[in-house]
Amino acid sequence: MAGDDAKPEGGGASPPLKEDTRLSWPVVLLYCLGALAALYVFLVGLTLMGTAFKVLGGKGAGGLFSAADNPVAGLMTGILSTVLVQSSSTSTSIIVTMTGADLIEVKDAIPMIMGANIGTSITNTIVSVAQIGDKDQYRRAFAGATVHDCFNFLTVAVLLPIEAI
């Protein structure tokens, strides 16, 4: 019969299967060395950024963050910095580097990092609005952003008062 040789509904033949998909040990070794090299470059970059803050700014640069003594002011500073640079990783790296350079104290940096997490919530909500053309996709995107926002807001609502105490 002619119907016995018909192709499946998806059309076309399936691609040939690869026989061996395992990586060889030299490739695995190169991946591991590459990961270690990337980690080394990241740590050297953080060290250089800390040294640059010490040399260029001195203790005067830490004075810019003197208003961040108040945990709420530190939270707002973290939110604003993250919204401006659109990257919580960048904001957090800068805060950690300034803390390592003794420009700000750890107790002042913690609310700033919490603010960086809330700033990320604002960014992902803005990104979800990009899906407004497709109603169903927009509902999904906004729901995902809202879950992330609620987690960050609730975490800060619980941990910020504990940190302030």
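Everything quoted here is computed from the prediction, not taken from an experiment.

On to the confidence of the model for the chain. Regions with low pLDDT should not have their predicted coordinates read in detail. When pLDDT is averaged along the chain, the result is 80; 79% of the residues meet or exceed 70. The lowest-confidence element of the chain is helix α1 (residues 25-63), averaging 79 in pLDDT; the highest-confidence one is helix α5 (residues 135-164), averaging 88.

The next thing to look at is α5. In this model α5 runs 42 Å from its N-terminal to its C-terminal C-alpha over 30 residues, within 8% of the 44 Å that 1.5 Å per residue would give. Every buried residue of α5 is accounted for by A145, D149, N152, V156 and L160. The inward-facing, buried residues of α5 abut α2 (71-85) and α4 (106-128).

Turning our eyes to something else, we now look at the packing of α2 against helix α3 (residues 88-100). Direction vectors running N to C along α2 and α3 enclose 130 degrees, while the axes themselves pass 8 Å from each other. One element, α2, and the other, α3, form an angle in the oblique class. By crossing handedness, the relation of α2 to α3 is classed as right-handed. Taking contact as the criterion, the partners of S81, T82 and V85 in α2 are, on α3, S88, T90 and S91.

Enumeration according to the criterion identifies one aromatic pair in this entry. Between the aromatic rings of Y138 and F142, the centroid separation amounts to 5.8 Å while the plane-to-plane angle is 35 degrees, which identifies the pairing as tilted. Taken together, the residues Y138 and F142, both in helix α5 and four residues apart, mark about one turn of the helix. Note on F142: relative accessible area 34%, which makes it partly exposed.

Along the chain, T146 turns up in helix α5. Here T146 falls in the partly exposed class, since its relative accessible area comes to 29%. Distance in space between the C-alpha atoms of T146 and T125 is 7.3 Å, their sequence separation being 21 residues.

Now for the nonpolar core. Within the largest apolar cluster, eight residues are counted, these being A68, I95, M98, A101, L103, I104, A109 and M112. For this core, the secondary-structure elements that each account for two or more residues are α3 and α4. One finds L75, I79, I118 and V156 within the second-largest nonpolar core, a separate group that totals six residues.

For the rest of this paragraph, the subject is the environment of G100. Residue position: G100 is located in helix α3. By relative accessible area, which is 56% here, G100 ends up exposed. As for G100 and G50, which are separated by 50 residues in sequence, their C-alpha atoms are 6.6 Å apart.

Turning our eyes to something else, we now look at the side chain of S121. Within the element layout of this structure, S121 appears in helix α4. A relative accessible area of 1% means that S121 is categorised as buried. Polar side-chain contacts of S121 include one of 2.9 Å to the side chain of N152. Once residues within four sequence positions are removed from consideration, S121 is found in contact with H148, D149 and N152.

Moving on, we get to the packing of α3 against α4. Between α3 and α4, the least distance of the axes is 9 Å, while the angle of their chain directions is 175 degrees. In terms of orientation, α3 lies roughly antiparallel with respect to α4. Seen from α3, the contacting residues are S88, S91, T92, I95, V96 and T99; seen from α4, they are V106, A109, M112, I113, A116 and T120. Tallied by class, residues from the contact of α3 with α4 come to seven nonpolar, five polar and no charged.

Reading the values: the criteria
Starting from 1, residues in each chain are numbered consecutively following that chain's sequence as written. Totals for whole chains, interfaces and linings use all residues, but because this is a predicted model, local features are given only for residues with pLDDT of at least 70 and pairs of side-chain atoms are given and counted only at 80 or more. Side-chain descriptors were evaluated using all non-hydrogen atoms of the structure, hydrogens and water having been removed beforehand. One number per residue, pLDDT, summarises how confident the predictor is, and it ranges from 0 to 100. Every helix listed is a DSSP run of H or I at least four residues long, and every strand listed is a run of E at least two residues long, numbered separately from the N terminus. A helix is expected to span 1.5 Å for every residue after the first. Only protein chains enter the accessibility calculation, which uses a 1.4 Å probe. A residue is then buried if its area is under 20% of the maximum for its type, exposed if over 50%, and partly exposed in between. Two residues qualify as a contact provided that any one of their heavy atoms is within 4.5 Å of a heavy atom in the partner residue. A fitted line through C-alpha atoms serves as each axis, taken over the contacting stretch for helices, and the angle formed by two N-to-C directions is quoted from 0 to 180°. When an angle is under 35 degrees it counts as roughly parallel; over 145 it counts as roughly antiparallel; between 65 and 115 it counts as roughly perpendicular; any other value is oblique. By definition, turning the near helix anticlockwise from the far helix through less than a right angle yields a left-handed crossing, and turning it clockwise yields a right-handed one. Centres within 6.5 Å are what make two rings of Phe, Tyr or Trp a pair, Trp counting through its six-membered ring; a difference in plane orientation under 30 degrees is then read as stacked, over 60 as edge-to-face, and the rest as tilted. Working definition of a nonpolar core: buried Ala, Val, Leu, Ile, Met, Phe, Trp, Tyr and Cys residues. They are joined through side-chain atoms within 4.5 Å. For the purposes of these results, a polar contact is taken to be a pair of N or O atoms within 3.5 Å, where, inside protein, one atom must be able to donate a hydrogen and its partner to accept one; residues adjacent in sequence count only when each atom of the pair is a side-chain atom. Gly is put with the polar residues, along with every residue not named as nonpolar or charged; the nonpolar set is Ala, Val, Leu, Ile, Met, Phe, Trp, Tyr, Cys and Pro, and the charged set is Asp, Glu, Lys and Arg.

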